[in-house]
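# Descriptive structure summary
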Amino acid sequence: MTTHDLVILGSGPAGMAAAATAVAYGITALVVDEQPAPGGQIYRSIESTPLKERRILGDDYWHGKALVDGLDDPRIDYRPGTTLWQLTRRLEVGLLQGGHASMVQARHVILAHGAMERPFPIPGWTLPGVMTAGSGQILLKSAGLAPSAPVVLAGCGPLLLLLAVQYLRAGIPIAALLDTTPAGQYWDALPLLPGALRNSRTLLKGLGLLAELRRAGVRHVRHVTALEAEGEDRLERVRWQCGNDPEWHCLTTPLLLLHQGVVPNTQVTRALDCAHDWDERQLAWQPRRDPWLATDVEGVAVAGDAGGIVGAKASAMQGQLAGLGAAIALGRVSEDKIHGEVKRLRRDLARETAIRPFLDVLYRPAVHWRLPEDETLVCRCEEVTAGEVRRMAEQGCRGPNQTKSFTRCGMGPCQGRMCGLTVSELLADANGQSVAETGYYRLRPPFKPITLGQLATAAEDTSG
Amino acid sequence: MKTYDFAVVGGGLVGSAIAYGLAKAGHRVAVLDEGDVAYRASRGNFGLVWVQGKGLEMPSYSQWSMSSASLWPSLSEELWDLTDVATQHQAPGGVHLCYSQREMDLRQADLTSLAKATGGQFDFAMLDHQQLREMIPEIGESVAGASWSRWDGHANPLYLLRGLHAGFLRCGGTFLPGSKVHRVHQRGDSFVIEREGERVQAERVVLAAGLGNRLLAPQVGLHAPLVPNRGEILVTERMRPLLNLPTTYLRQTGEGSILMGDSHEDVGFDEGTETPVLSHIAQRAVRALPALANTRIVRTWGALRVMTPDGYPLYQASLSHPGAFVACCHSGVTLAAAHAKRLAPWIAGDSLPSEIAPFTAERFDVQTVIPA
Amino acid sequence: MFKRLSLPDAPAQKTVIVYFDGRQVTAQDGDTIAAALLSAGVEACRTTPVSGSPRGPYCMMGVCFECLVEVDDIPNVQGCQVLVKDGMQIRSQHGARRLG
Ligand SMILES: Cc1cc2nc3c(=O)[nH]c(=O)nc-3n(C[C@H](O)[C@H](O)[C@H](O)COP(=O)(O)OP(=O)(O)OC[C@H]3O[C@@H](n4cnc5c(N)ncnc54)[C@H](O)[C@@H]3O)c2cc1C
Ligand code: FES
């Protein structure tokens, strides 16, 4: 099997920064990413986007250019369109590229595969025409596609506001922004504001977005407490309630974009059986890491949002840190020698992430957005409702694994990505135990479906 | 402390089938099970209700399996009536594929002697490639033929477990999940079963804790020298029906996905999966059904079989601690019906089913039996 | 549902012709299959194997597996992860897949 010193999963800010840092110490890095071009979620299509007018996507987007250029280094073997379908605790790496599966051996691995949007299970969320804010942004950046009729945006979190503003700048009408941020949360977040001021740049940018929306006169509906997507075979209407008001409001729209924050994608770290902790502030699982971002699996580090939501800039800093960690682990530099650099990096990282507690509290999705009503589908693939999950708890299922085997919840093609968080939280609630006690799905490769034919030849092709 | 008639330790397929049988007969039964993550063969198995080829060295195992296969339809129906859970049990017969004439000859010799040893109760037929193709049109060119037996079938093991659980609860059983039992001892006429923060008292105790029996059995004068044996399984995306009867290592489920597996690895308590093993299973599946080459694998897993040294079940009543029983076996799906309908009555006081008389621990190693 | 923005300073993109259920769809080089279908007004690309309900792309980032389509006779391809190619035959899927 071909051996690579360093394999990096993901070419977003964390992965690109990790690669650039590591190669500076003479390490050659293999960087794999499923996407056809570098940039990750934030800098997606930065080299090819049709939206050349910088104002629309904003400076934070174009900031990624330098990182992307850094990939163009002879010591970096960057492979787009390549999926990681297997990673063992012995650091055997299974790759799938152009329909061809192969195995390589890594000495060190940095997982920088990022986050995904938190599931937003509301009635009707499986109707065509209901998508995520992230998907709206991906279509905008990569293909210059925007809603063809006034769009409804619903949920909470910085990404939702950013997309609204990007649409405005591109001249796209917004029918309504339905804000699900609970009323009291502004007050809850207030005490955390002084800490957040350490990263005043980001804070000001957030306020700027809100002001821009206000100036544009966008219909910003606050304190939405109930939300439903309706339609026969596709989305036709969005209905909502505000505060304690029993009245339902309704808008006709072909497109609803949902968002309530992002969470680490733990598919790979789970399949590796890394230890994970439940983060009550971010309401998400995180792989447990040491100060070098190393997991409890020898030779595997996690950088960026894959390890806990920190944002793009901090992700790149974590990438650097993990890159330095790789250089130490591979014996290219001693810890003493880079002491000063690491100290500075950690300080910058602390400053950059100082705003997180504030954001996490401000945009924490309220419990009824995470624990839907009985009739609402939780597992989109196998079409399992919240009520069925609750019934399993009544029958003695303490956690998601027994529930999965009794209901098929989480067994579909998305491998539990879209229902995992909801199911853990539902069971915790129904059983009166913590989410940490309840646990998460046990996962196994393949991380992405692979054909039998590809698998049949995978063990033979070890040339990559 | 509330006293149950029976405490069953282990809520896997074996424990649940026995507990269901006991509860259905009107006994007050508690099942003690671990939490969400545990070594659970019941959750990782293949779902065959299988007879052919079993018991080559011990014909009574074949008879016990046939007894269970015969009782399966009534178990399945009963669970459906009681709980609305469908086990998806089907007994269309099953095939064991052979890849050469030599394999065919060996298979035929084995099954002929099994038929003889069971006094003709077990019957089978050998199919050549053409006959097999009539049953499975997609069969690969390199498959020489197969042995076929009407005794074989399959079910959804997860729904079986769910049905047994639900049926048990319907019959008034008490399910106590949450943590490992670490101590079982006799006090007066009854048993005390201890686990973290809790004690349960019962007049009789059945140890059906799978691999956990190793540590529990000696506490009540029993012996369960079990070893884990890993099997890895692959499952594909849902497909339209294409395989209408199960084979030894390939079957299509009621949902349409194809399950493939049956590796036997001696790896201790490691439930992981290994690429070469998965790859090998994939190769074999593609050889059997070449059209599967471009279907996608959506999940794989490894699970630990509960193996005795000779692979046959272990059922025993304790002499030193009357009222304590141990039950474990590898084929918990196949034997579920026998466990619910024949083993449970024995545990409750009926006479011992004749087929299972040989399945005590004395057959392994007389020296290591804990003295009474 | 989606339209392409007319952007004065956008570099001219090559057009790519693909087929969806036999219908001709004009896409742009660099589009994913899902993006091309959305821009052509396709809402649902499949029905589920469980209840037969219609589904279309949801996440566009490879997570949800809602965008599955049959591409050049291979079923269950993630439309949001594969780029269009000239002449590609894309089909909607109904229920469980057949042998490819
Ligand atoms: C790969 C594979 C394929 C298989 N295929 C088939 C097949 O096709 N057909 C077939 O008939 N069988 C098959 N089997 C076997 C079948 O799954 C098992 O026979 C059956 O699950 C065994 O049941 P069990 O209850 O003894 O063990 P398990 O299912 O392992 O259950 C043991 C239970 O006991 C609990 N437990 C353990 N220790 C304690 C303790 N101290 N306190 C409390 N609870 C405890 C565990 O948590 C668990 O719930 C297969 C098995 C494997 C691994
Ligand atoms: S749209 Fe979610 S995976 Fe393609």
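Scoring rules and cut-offs
Residues numbered from 1 in each chain as written. Chains lettered and ligands numbered in written order. Predicted model: local features only at pLDDT ≥ 70, side-chain atom pairs only at ≥ 80, totals over all residues. Heavy atoms only, no water. Domains from an automatic or database assignment. Contact = heavy atoms within 4.5 Å. Buried area = accessible area lost by both parts, 1.4 Å probe. Salt bridge = Lys/Arg side-chain N within 4 Å of Asp/Glu carboxyl O. Pairing = 2+ DSSP bridges. Helix = DSSP H or I, 4+ residues; strand = E, 2+ residues; numbered from the N terminus. Buried < 20%, exposed > 50% of the residue type's maximum accessible area, 1.4 Å probe, protein only. Polar contact = N/O pair within 3.5 Å; in protein donor to acceptor, adjacent residues only side chain to side chain. Nonpolar A, V, L, I, M, F, W, Y, C, P; charged D, E, K, R; others polar. Phe/Tyr/Trp six-rings, centres within 6.5 Å; stacked < 30°, edge-to-face > 60°.

### Considerations on the domain arrangement of chain A
Residues and elements named next belong to chain A. Here the domain parsing of chain A yields domain 1 (2-116 + 263-333), domain 2 (119-260) and domain 3 (371-433). A straight line from the C-alpha centre of domain 1 to that of domain 2 covers 29 Å. Tallying the contact residues gives 15 residues for domain 1 and 12 residues for domain 2. Around 1100 Å² of area is buried between domain 1 and domain 2 when both sides are counted, 55% of it from carbon and sulfur atoms. Looking only at domain 1, the three residues that lose the most surface to domain 2 are Arg44, Ile56 and Leu57, adding up to 36% of its buried area. At the junction of domain 1 and domain 2, the tally comes to one salt bridge.

### Considerations on the pairing of strand β3 (residues 23-28) of chain C
Residues and elements named next belong to chain C. Relative to β3, strand β2 (residues 15-20) runs antiparallel, the two sharing six bridges. In the sheet register, Phe20 faces β3, and the bridge partner there is Arg23. Here β2 folds back onto β3 in antiparallel fashion, the turn holding two residues, of which Asp21 has a positive phi close to 50°.

### Some remarks on the pairing of β2 of chain C
All names here are of chain C. Across the two faces of β2 the burial differs, with Val16, Val18 and Phe20 buried and Thr15, Ile17 and Tyr19 not buried at all. Relative to strand β8 (residues 89-91), β2 runs parallel, the two being bridged by two bridges. The residue bridging Tyr19 from the neighbouring strand is Gln89, located in β8.

### Let's talk about the interface of chain C and chain A
Opposite the 37 residues of chain C that make contact, chain A presents 48 residues. Counting each side, the surface lost to burial between chain C and chain A is near 3600 Å², with a carbon and sulfur contribution of 64%. The largest contributions to the chain C side of the interface with chain A come from Met1, Phe2 and Tyr58 of chain C, which together make up 22% of the buried area. Summed over the shared surface of chain C and chain A, the result is two salt bridges. Note that Glu66 of chain C and Arg380 of chain A form a salt bridge whose closest N and O atoms lie 2.7 Å from each other. Along the contact surface separating chain C from chain A lie 12 residue pairs in polar contact (both at pLDDT 80 or more). Secondary-structure elements contributing two or more residues to the side of chain C that touches chain A are β1 (2-4), α1 (33-39) and β5 (54-55) of chain C. A per-class count over the side of chain C that touches chain A returns 21 nonpolar, nine polar and seven charged.

### As for the packing of aromatic side chains
A complete count under the given rule lists 12 aromatic pairs over all chains for this structure. On the numbers, 5.7 Å between centres and 80° between planes, the contact of Phe120 of chain A with Trp369 of chain A is edge-to-face. Of the two residues, Phe120 of chain A sits in the loop between β7 (115-117) and β8 (130-132) while Trp369 of chain A sits in helix α14 (residues 367-370), which places them 249 residues apart along the sequence. Here Phe120 of chain A and Trp369 of chain A have matching classes, each one buried. Arranged with centres 5.0 Å apart and planes meeting at 65°, the rings of Tyr61 of chain B and Tyr312 of chain B form a pair that is edge-to-face. You can see Tyr61 of chain B sitting in helix α3 (residues 59-83) and its partner Tyr312 of chain B sitting in the loop between β15 (296-307) and β16 (314-317), a full 251 residues away along the chain. Exposure remark for Tyr61 of chain B: the relative accessible area of 4% places this residue in the buried category. Ring pairing ties together the aromatic residues Tyr61, Trp64, Tyr312, Tyr315 and Phe359 of chain B, which thus form one cluster.

### Considerations on the interface of chain C and chain B
The interface is formed by 12 residues belonging to chain C together with 11 residues belonging to chain B. For the pair chain C and chain B, the summed buried area comes to about 1000 Å², and 51% of that belongs to carbon and sulfur atoms. It is Ala96, Arg97 and Leu99 of chain C that lose the most area in chain C upon contact with chain B, and together they represent 57% of the buried surface on that side. Counting across the chain C and chain B interface gives four residue pairs in polar contact (both at pLDDT 80 or more). With four residues, strand β7 (residues 74-78) of chain C is the largest single contributor of residues to the side of chain C that touches chain B.

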